[in-house]
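# Residue-level structural notes
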Amino acid sequence: MKQIVRLQEIYKILLAKKVNQAEIILSLKSIGIEISIRQLQRDLQDIYPILNKNESLITSRNSKRIKYFFIKSNLRNNKKSTVKYSEIRATNFFEAKLSTLNKKIIEKFNYAIENNSSVLVSNLIYDSTGDNFSFSESIISFKPIEIIFHRGTNYVAGYNIEKKVIQVFEISQIKNIELIDDDIKYNNLKEKLNQELVKRFGISKNINEDIYFIKLEFSSVTGNFIMNHFWHETQSFKVLKGKVIMTLHCGINRELMGWLFYWMYNVKIIEPKILQDYYKKTINEINKLNGDKQPLVYKNIFNDRK
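Residues numbered from 1 in each chain as written. Predicted model: local features only at pLDDT ≥ 70, side-chain atom pairs only at ≥ 80, totals over all residues. Heavy atoms only, no water.

## Here's the deal with the overall build of the protein
Per the secondary structure count, the protein includes eight helices and twelve strands. The C-alpha atoms of the protein give 21 Å as radius of gyration, which agrees with the globular expectation for 306 residues (19 Å, within 12%). If you line up the protein on its principal axes, its C-alpha atoms span 60 × 50 × 40 Å. Taken over 306 residues, the protein has a buried fraction of 40%. Sequence-distant contacts, at least 24 apart, represent 59% of the contacts inside the protein between residues at least 6 apart. Surface exposure of the protein reaches about 18200 Å², of which carbon and sulfur atoms provide 52%. (Helix = DSSP H or I, 4+ residues; strand = E, 2+ residues; numbered from the N terminus. Rg over C-alpha atoms; globule rule 2.2 N^0.38 Å. Buried < 20%, exposed > 50% of the residue type's maximum accessible area, 1.4 Å probe, protein only. Contact = heavy atoms within 4.5 Å. Areas by Shrake-Rupley, 256 points an atom, 1.4 Å probe, with all protein chains shown as cover.)

What follows is the structure, encoded as structure tokens:
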């Protein structure tokens, strides 16, 4: 069965009600579609391009930490709608603007993924995830694996054929791609991508190949908010003397650092020391900049270019 047909059936299920993965598998089985839990996880990541303009895939967890999925319509007080929502407003905060070119690039990547094709990326600009920190504009032979919708932005994850590594690029970084015939079979690319993403906090490239035990302490109010959201596959929590302790097992990257600063003075890094050091270095750079001790220029402390 083609993936697009399966995605359409999953879409119908998610549109009808909030369901967990086991319930989705049972619903698919009832109409003659057999699917593994791993394949379902991949399909849920691939479903974004078939959502309508005003729809979003929403995830939540119950008290037993079981993840549920449903599709929500982001209607802006549309009185003509037959869907019964009570004044739900979509702020579209942090959502990237999709140009006509962006949409065409996504369509080409989707075609390449469905047909197991490779592409030549001939115009790659700036950096978004750390996978192009050197701002290289060279031609990249790339095997796209998945389109990922992350924090309001579309990304493509794939395999750099020459460097033999998984890379993730923002769609708007890519200004031109060319489909190419490729008879070479690349084994277990989905699994390689899954292994890479679970090492990353979000989708940004890590500073190195190490996985760290990260321990954070949050104030009670902020901690309760943190506990009610999903951040990483390895997250765990415990409440100790009114404080919330969060632990993670992942790499360190720019996205993790930005997330920590999001909580300002309501989070404390307990360990590891390397994360504490990067945090202090970032604060030092901020203080120097705002103290007029240095000009404002782009820099990435995780990828110092000599």
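## Looking at the sheet that holds strand β2 (residues 55-61)
Read from one edge to the other, the open sheet built from three strands follows the order β1-β3-β2, with strand pairing classed as antiparallel. Since the sheet does not close on itself, it has two edges, and those belong to β1 (19-20) and β2, each with one partner. Bridge count between β2 and strand β3 (residues 67-73): seven bridges; the pairing is antiparallel. Its bridge partner being in β3, Arg61 is matched across the sheet by Lys67. Across the sheet, helix α1 (residues 3-16) lies against β1, β2 and β3, angled at about 85° from β3, the strand it touches most. (Pairing = 2+ DSSP bridges. Axes fitted to C-alpha atoms, helices over the stretch in contact; angles between N-to-C directions.)

## Describing the side chain of Thr129
As for its position among the elements, Thr129 is in the loop between β4 (118-124) and β5 (140-150). Here the side chain of Thr129 touches Asp131 through a polar contact of 3.4 Å, landing on its backbone nitrogen. Excluding anything up to four places from it in sequence, Thr129 contacts Tyr155, Val168, Ile203, Ser204, Lys205 and Arg254. (Polar contact = N/O pair within 3.5 Å; in protein donor to acceptor, adjacent residues only side chain to side chain.)

## Remarks on the packing of helix α3 (residues 37-46) against helix α5 (residues 189-199)
Pairs of packed helices are described in terms of their axes, by the angle between the two and the distance that separates them. One can describe the packing of α3 onto α5 by two numbers: an axis separation of 12 Å at closest approach and a directional angle of 75°. Judged by the inter-axis angle, α3 sits roughly perpendicular to α5. Within the contact between the two elements, α3 uses Arg38, Arg42, Gln45 and Asp46 and α5 uses Lys190, Glu191 and Asn194. Looking at side-chain class alone, the contact of α3 with α5 contains no nonpolar, two polar and five charged residues. (Parallel < 35°, antiparallel > 145°, perpendicular 65-115°, else oblique. Nonpolar A, V, L, I, M, F, W, Y, C, P; charged D, E, K, R; others polar.)

Any functional reading would require information beyond the geometric quantities listed.
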